[in-house]
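# Coordinate inspection notes
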Amino acid sequence: MFDIDMARTMVGEGRETFELEPDDVDYSVDRAEINEGHLEHVDPSIPGIVGHVFYPDEDGTIVHAHRLIDGHHRATRCRNAGLPFHVYVLSEEESIAILIRSPKGSKPEHLVSVPQPVLE
């Protein structure tokens, strides 16, 4: 779980956006709960936010990946209209800083000094 308001504050200072690849838009949208009735109310020109996520694999190895953490409805609207979807990308440190909860054992070694709330 992420503090999306904090993430929006972090990216609101002239940060560069990147176009999310269509396959990545599909991956993100297909795994989210989309309220179809809400789609007409979202502004697809507002970029989404991608964060770094860390989680323990079955063997205990920490997996590092990127996930869309804000903008699933905007991404869906862009996909439906055939438009590109742009995102801001948080740094690893920013991604850790906005964590509210995460899986136990998911802290990457190189970020051990960054506080991370843990979901037991």
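Let us look at the structure shown here. (Residues numbered from 1 in each chain as written. Predicted model: local features only at pLDDT ≥ 70, side-chain atom pairs only at ≥ 80, totals over all residues. Heavy atoms only, no water.)

### Regarding the sheet that holds strand β2 (residues 48–56)
Quick reminder of the rule: Two strands are said to pair when DSSP picks up at least two bridges between them. Only DSSP runs of H or I covering at least 4 residues are called helices, and only runs of E covering at least 2 are called strands; the numbering of each starts at the N terminus. Axis definition: a line fitted to C-alpha atoms, over the contacting stretch in the case of helices. Angles run 0 to 180 degrees between N-to-C directions. Any two residues having at least one pair of non-hydrogen atoms within 4.5 Å are treated as being in contact.
The mixed open sheet is built from four strands, whose spatial order is β1-β4-β2-β3. Looking at strand neighbours, the two that pair on one side only are β1 (18–20) and β3 (62–70), the edges of this open sheet. Each adjacent strand pair in this sheet contributes to an overall mean axis angle of 50°, direction not counted. Here β1 pairs with strand β4 (residues 85–89) via three bridges, running antiparallel. If you follow F18 over to β4, its bridge partner there is V87. Sitting on the sheet, helix α3 (residues 72–81) is in contact with β2, β3 and β4, with an inclination near 75° to β3.

### Regarding the nonpolar core
What counts is decided by this rule: To form a nonpolar core, buried Ala, Val, Leu, Ile, Met, Phe, Trp, Tyr and Cys residues must be joined to one another through side-chain atoms within 4.5 Å. Remark: exposure states derive from per-residue accessible area (1.4 Å probe, protein chains only) relative to the maximum for the residue type, with buried under 20%, exposed over 50%, and partly exposed in between.
Membership of the largest hydrophobic core is limited to nine residues, which are L20, V25, V29, V50, L68, A75, C78, F85 and V87. Counting residues per element, the ones that place at least two in this core are α2 (22–30), α3 and β4. Here C78 is in contact with P44, L83, P84 and F85, once residues within four sequence places are set aside. Counting eight residues, the second-largest nonpolar core is a separate cluster that includes I49, I69, L90 and I98.

### Focus on the pairing of β3
Bridge count for β2 against β3 is eight bridges, and the pairing is antiparallel. Counted as the bridge partner of P56 is I62 from β3. In this structure, the hairpin formed by β2 and β3 is closed by a connection of five residues, where G60 is found at a positive phi of approximately 90°.

### So, α3
Along α3, the residues that are buried comprise H73, R74, A75, T76 and C78. Of the surrounding elements, those touching the buried residues of α3 are α2, β2, β3 and β4. One or two residues past the end of α3 sits G82, with phi positive at roughly 70°.

### A few points about the pattern of salt bridges
Pairs can form between side chains of opposite charge whenever their charged atoms are close. So the rule is basically this: One speaks of a salt bridge when a side-chain nitrogen belonging to Lys or Arg is within 4 Å of a carboxyl oxygen belonging to Asp or Glu.
Overall, the coordinates contain six salt bridges when judged by the stated rule. The partner of R15 in a salt bridge is E94, with the nearest N and O atoms 2.7 Å apart. With R15 in the loop between α1 (4–11) and β1 and E94 in helix α4 (residues 92–97), this pair connects stretches of sequence that are 79 residues apart. The closest approach of N and O atoms between D30 and R79, which form a salt bridge, is 3.0 Å. Of the two residues, D30 sits in helix α2 while R79 sits in helix α3, which places them 49 residues apart along the sequence. Assessed through its relative accessible area of 32%, R79 is described here as partly exposed.

### Brief notes about the side chain of D70
Counted only if it meets this: Polar contacts, as used here, are pairs of N or O atoms within 3.5 Å; protein pairs need one atom able to donate a hydrogen and one able to accept it. Residues neighboring in sequence count only if both atoms are side-chain atoms.
Relative to the helices and strands, D70 is located in strand β3. Residue classification places D70 among the buried residues on the basis of a relative accessible area of 8%. Here the side chain of D70 touches R8 through a polar contact of 2.8 Å, side chain to side chain.

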